[in-house]
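Notes for the structure review
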Amino acid sequence: MPYTEQKIGYQKTDTSEAAARSNYPGKLTAKDRVLQLLQKVPMELTTEEISDLLQIPYGTVQPRLSELQDENKVVDSGLRGTTKWGKPCIKWTSV
């Protein structure tokens with residue numbers, strides 16, 4: 001996945017790149033918002049819970065968690081939640 005100079009990832013399409021480059025200094029990215037939430041709440045959260053609390057799509061949150069995990073900023077807490085389909089899922093926490 002390509003990234004902007006501000007480390008915002010985008011798909012290999014002109015529209016995705018334009019959206020990534022529309023960020024301006026001081027604007028919180030979805031990744032920033034996810035990390036800040038996990039740093040502020042006193043509990044572990046699932047991807048769905050993060051999505052609901054931040055009111056951003058699940059499909060936006062999940063890749064940000066993967067990026068944050070790769071950067072060693074969030075980890076699998078070892079706890080499990082349940083998805084809306086009744087399947088077990090990771091509860092995330094900040095490092």
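In short, a report on the structure. (Residues numbered from 1 in each chain as written. Predicted model: local features only at pLDDT ≥ 70, side-chain atom pairs only at ≥ 80, totals over all residues. Heavy atoms only, no water.)

Remarks on the overall build of the protein chain
For clarity, the cut-off: Counting from the N terminus, the helices are DSSP H or I runs at least four residues long and the strands are E runs at least two residues long. To get the radius of gyration, use the C-alpha atoms; to get the globule rule, take the number of residues to the power 0.38 and multiply by 2.2 Å. Between buried and exposed lies partly exposed: a residue is buried under 20% and exposed over 50% of the maximum accessible area for its type, with that area taken using a 1.4 Å probe on protein chains only. The contact criterion used is simple: two residues touch if any of their non-hydrogen atoms lie within 4.5 Å. Only four residue types enter the charge count: Lys and Arg as positive, Asp and Glu as negative, with His and the chain ends excluded. Where a charge lies is defined by one atom per residue type: Lys uses NZ, Arg uses CZ, Asp uses CG and Glu uses CD.
Of regular secondary structure, the protein chain possesses 4 helices and 2 strands. Its helices and strands taken in sequence order, the protein chain reads α-α-α-α-β-β from the N to the C terminus. On C-alpha atoms alone, the protein chain measures out to a radius of gyration of 14 Å, which is about the 12 Å that the 2.2 N^0.38 rule sets for 95 residues. Dimensions along the principal axes, computed over C-alpha positions, put the protein chain at roughly 35 × 25 × 25 Å. Across the 95 residues of the protein chain, 32% fall into the buried class. Excluding contacts between residues fewer than 6 apart, the proportion of contacts in the protein chain whose partners are at least 24 apart in sequence is 37%. A gap of 1 Å separates the mean positions of the 13 positive and 12 negative side-chain charges of the protein chain.

Here we look at the side chain of T29
Mapped onto the fold, T29 is located in the loop between helix 1 (14–21) and helix 2 (30–40). By relative accessible area, T29 is classed as buried at 17%. Residues contacting T29, with those up to four places away along its chain left out, are I8 and N23.

A few points about the layout of surface pockets
Spelled out, the test is: Using protein atoms alone on a 1 Å grid, points that fit a 1.4 Å probe yet trap it form a cavity, whereas open point sets bounded by protein on both sides within 12 Å along at least five of seven lines form a pocket; residues with an atom within 4 Å of a point count as lining. Grid points are joined across faces, edges and corners, and a volume is the space filled by probe spheres set on the points. Amino acid classes used here: Ala, Val, Leu, Ile, Met, Phe, Trp, Tyr, Cys and Pro are nonpolar; Asp, Glu, Lys and Arg are charged; the rest, including Gly, are polar.
Of the voids in this model, the largest pocket is the one considered here, and its volume is about 390 Å³. Looking at the largest pocket, it is lined by 22 residues, and the ones nearest its centre are I8, T29, A30, K31 and R64. The leading source of residues in the lining of the largest pocket is helix 4 (residues 58–70), at 5 residues. Here the residues of the lining of the largest pocket are counted per class, giving 7 nonpolar, 8 polar and 7 charged.

What to know about the pairing of strand 2 (residues 88–94)
To be explicit about the condition: Two strands pair if DSSP finds at least two bridges between them.
Across 6 bridges, the pairing between strand 1 (residues 74–82) and strand 2 is antiparallel. Residue T82 lies in a different strand from strand 2, and its bridge partner there is P88. Once strand 1 ends, the chain turns through 5 residues before running back antiparallel as strand 2, passing G86 with a positive phi of about 80°.

A closer look at helix 3 (residues 47–54)
How we decide: Comment: arc refers to directions from the helix axis out to C-beta atoms.
Every buried residue belonging to helix 3 is among T47, E48, I50, S51 and L54, and all of these are buried. Along the axis of helix 3, the buried positions cluster into a sector of 160°, meaning they face one direction only. What points out from helix 3, more than 90 degrees from its buried face, is the exposed set D52 and L53. As for helix 3, its buried residues are in contact with helix 2, helix 4, strand 1 and strand 2.

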